[in-house]
Amino acid sequence: MALAFDSATEARRESEDMVWIPGRTFTMGSNHHYPEEAPAHPVRVDDFWISRTPVTNRQFKEFVEATGYVTVAEKAPDPKDYPSAKPEMLRAGSLVFTQPKTVSGPDISQWWTFKFGANWRRPLGGLSDLRGKLDHPVVHVAYADAAAYADWAGPDLPTEAEWELAARGGLDDTEYAWGDEFAPGGVPMANTWSGTFPTQSTKPKGQERTSPVRSFPPNGFGPYDMIGNVWEWTGDYWSTRHPEPAKHSCCIPSNPRGRDAGGELRSAPAGNPDSAAGAEGRLPSLRPKLLQTLPSCRTPRRTRGYFDQPCRLPLRQAHRGRSEMRRRFQASDTVLASFLVAALLLVSGAIGTEWRRRSCRPGTIPRQRPGNVLPVLVPALLPMLVVGASYLPYSQLGPIVKRLLLL
């Protein structure tokens, strides 16, 4: 699908949220870092537009409000898709980075924890929210969510080759997108882990995770956060090795797509010490682009081993089955707050009534024991607790209350 723009439209997009990446031949991959990045090989990529920043929570929120979309992390997994999973684990949630005190070996489960209720609205699970983070990149986004957003917004997801060309910022054969020095003049160029990963972070409190987009300088082409902050989806499939370099210039791959080689969809690194600040334990974020060529499909890798270790995460298709009523409850915590307030008022009223009864003169109203309050409270509170717990998808309180009610 070719997307053409007149000069006025191109100028407007350039000034707003899209950056023009001129096509060229460049060296993709690396021979010096991870095996799946090798061998380095020349590829040719046509011109394309790419968004100036990763998609933010503000932008994703607009998409959800306009379409009513429910992300993969907000849905309980279908037991048919995970026949060997423990029943108690088949709840909506996502991975969240949890800094351990010590680690033993490379097992990423030591610092990635599956938390019930973690999703793009609740990046840390529990009662966390997006206050102060609307301009941070959206996280806990599965490939199906990224594709749905791209379909709604209009652009497509970039191929890995396109993404890597944009990430290099016009430079070739350098260690980082800005050159060979990690922090030129001592100035940090990206939001990356600082300290000993994953046990020690030397960043100030409150800055250990994601940062607002545009917090660090753009690269030579103009996009921000092509290195660090969050992992980003592309439209290609993951493969264990790149193709061998073409022996003749006539045979250099043009606009290569990972789907041609098969494989599995992937995200960028899980355990890379240079990964993005241990940010919100994500299924990755996304960055759409406008293609001059056919749409494609892959997940990202950072240039020259800086952010390029793959992490294969389970990907499941979105399952639509919740009723409209349940989706409305998920849209806000207002209903839950109403249930809690009503319960508190009922408890206060019952206690006040019992206190008045016990305070009256003997013979006016029969004295009652405190235990007599329970027959009044239990029938009224139980339905509220059941309904409130059933429609609490954003924290761990719901599953805990449900479990208690089933005892």
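Reading the values: rules and limits
- Residues numbered from 1 in each chain as written.
- Predicted model: local features only at pLDDT ≥ 70, side-chain atom pairs only at ≥ 80, totals over all residues.
- Heavy atoms only, no water.
- Core = buried A, V, L, I, M, F, W, Y, C linked by side-chain atoms within 4.5 Å.
- Buried < 20%, exposed > 50% of the residue type's maximum accessible area, 1.4 Å probe, protein only.
- Helix = DSSP H or I, 4+ residues; strand = E, 2+ residues; numbered from the N terminus.
- Contact = heavy atoms within 4.5 Å.
- Polar contact = N/O pair within 3.5 Å; in protein donor to acceptor, adjacent residues only side chain to side chain.
- Arc of directions from axis to C-beta.
- Pairing = 2+ DSSP bridges.
- Axes fitted to C-alpha atoms, helices over the stretch in contact; angles between N-to-C directions.
- Parallel < 35°, antiparallel > 145°, perpendicular 65-115°, else oblique.
- Phe/Tyr/Trp six-rings, centres within 6.5 Å; stacked < 30°, edge-to-face > 60°.
- Salt bridge = Lys/Arg side-chain N within 4 Å of Asp/Glu carboxyl O.

Caption draft 1: View of the nonpolar core. Membership of the largest hydrophobic core comes to 19 residues, with the highest contact counts inside it found for Phe60, Phe63, Trp120 and Val138. Counting residues per element, this core draws most heavily on helix α3 (residues 143–153), which supplies six residues. The contacts of Phe60, once residues within four sequence positions are left out, are Val55, Thr71, Trp120, Val138 and Tyr149. If you look at the next biggest cluster of nonpolar residues, it comprises 15 residues, including Phe26, Phe48, Ile50 and Ala161.

Caption draft 2: Representation of the side chain of Ser211 in the model. Along the chain, Ser211 falls in the loop between α4 (160–168) and β7 (232–233). Of note is the side chain of Ser211, whose polar atom sits 3.3 Å from the side chain of Asn191. Setting aside chain neighbours within four positions, we find Ser211 in contact with His136, Pro137, Asn191, Phe216 and Asn229.

Caption draft 3: Quick peek at the side chain of Asn119. With respect to the helices, strands and loops of the structure, Asn119 is situated in the loop between β6 (112–116) and α3. Under the relative-accessibility criterion, Asn119 is labelled buried at 1%. A polar atom in the side chain of Asn119 sits 3.2 Å from the backbone oxygen of Gly117. Within the structure, the side chain of Asn119 is placed 2.8 Å from the backbone nitrogen of Arg121, a separation counted as a polar contact.

Caption draft 4: Fine view of helix α2 (residues 57–67). Regarding α2, the residues found buried are Asn57, Phe60, Phe63 and Val64. Burial along α2 is one-sided: seen end-on, the buried residues are contained in an arc of 120°. Among the exposed residues of α2, those oriented more than 90 degrees off its buried face are Glu65 and Ala66. Once α2 finishes, Gly68 follows within two positions and takes phi at roughly 75°, a positive value.

Caption draft 5: Region of interest: α4. The buried count for α4 comes to nine of nine residues, which makes it a mostly enclosed element. For α4, the complete set of buried residues consists of Glu160, Ala161, Glu162, Trp163, Glu164, Leu165, Ala166, Ala167 and Arg168. The positive-phi residue at the C-terminal boundary of α4 is Gly169, with phi of around 65°.

Caption draft 6: View of the pairing of strand β3 (residues 41–45). Side chains of β3 alternate between two faces, with His41, Val43 and Val45 buried and Pro42 and Arg44 left unburied. Of the strand pairs in this sheet, strand β2 (residues 24–28) and β3 are connected by five bridges, and their pairing is antiparallel. Within β3, the residue paired with Met28 across the bridge is His41.

Caption draft 7: View of the packing of α2 against α3. Viewed as axis vectors pointing N to C, α2 and α3 meet at an angle of 80°, and their least axial separation amounts to 11 Å. On the basis of their axis angle, the class for α2 and α3 is roughly perpendicular. Residues Gln59, Phe60, Glu62, Phe63, Ala66 and Thr67 of α2 pack against Ala148, Tyr149 and Trp152 of α3.

Caption draft 8: Broad picture of the packing of aromatic side chains. Within the structure shown, the criterion is met by 18 aromatic pairs. Aromatic side chains Trp111 and Phe197 sit 5.7 Å apart centroid to centroid with 75° between the ring planes, which places their arrangement in the edge-to-face category. Residue Trp111 is located in the loop between β5 (93–97) and β6, and its partner Phe197 is located in the loop between α4 and β7; the two are separated by 86 residues in the primary sequence. Note on Trp111: relative accessible area 5%, which makes it buried. Judged by its relative accessible area of 14%, Phe197 falls in the buried class.

Caption draft 9: Local environment of unusual backbone geometry. Of note, the bond from Ala38 into Pro39 is cis; its omega dihedral lies within 30 degrees of zero at -10°. Between Phe197 and Pro198 the backbone carries a cis peptide bond, its omega angle lying at -5°. Relative to the helices and strands, Pro198 is located in the loop between α4 and β7. Of note, Asn255 is a non-glycine position whose phi angle comes to about 50°, a positive value.

Caption draft 10: Structural context of the environment of Asn191. Within the element layout of this structure, Asn191 appears in the loop between α4 and β7. A residue is classified by how much of its surface remains accessible, and Asn191, at 2% relative accessible area, is buried. Taking the C-alpha atoms as reference, Asn191 lies 9.1 Å from Glu208; in sequence the two are 17 residues apart. At 2.9 Å, the side chain of Asn191 and the backbone oxygen of Arg209 are in polar contact.

Caption draft 11: Representation of the pattern of salt bridges in the model. Enumeration according to the criterion identifies seven salt bridges in this entry. Note that Arg168 and Glu164 form a salt bridge whose closest N and O atoms lie 2.8 Å from each other. Taken together, the positions of Arg168 and Glu164, both in helix α4 and four residues apart, correspond to about one turn of that helix. Comparing Arg168 with Glu164 shows no difference in burial state: the two are buried. Close ionic contact of Glu244 with Arg241 constitutes a salt bridge, the shortest N to O distance being 3.4 Å.

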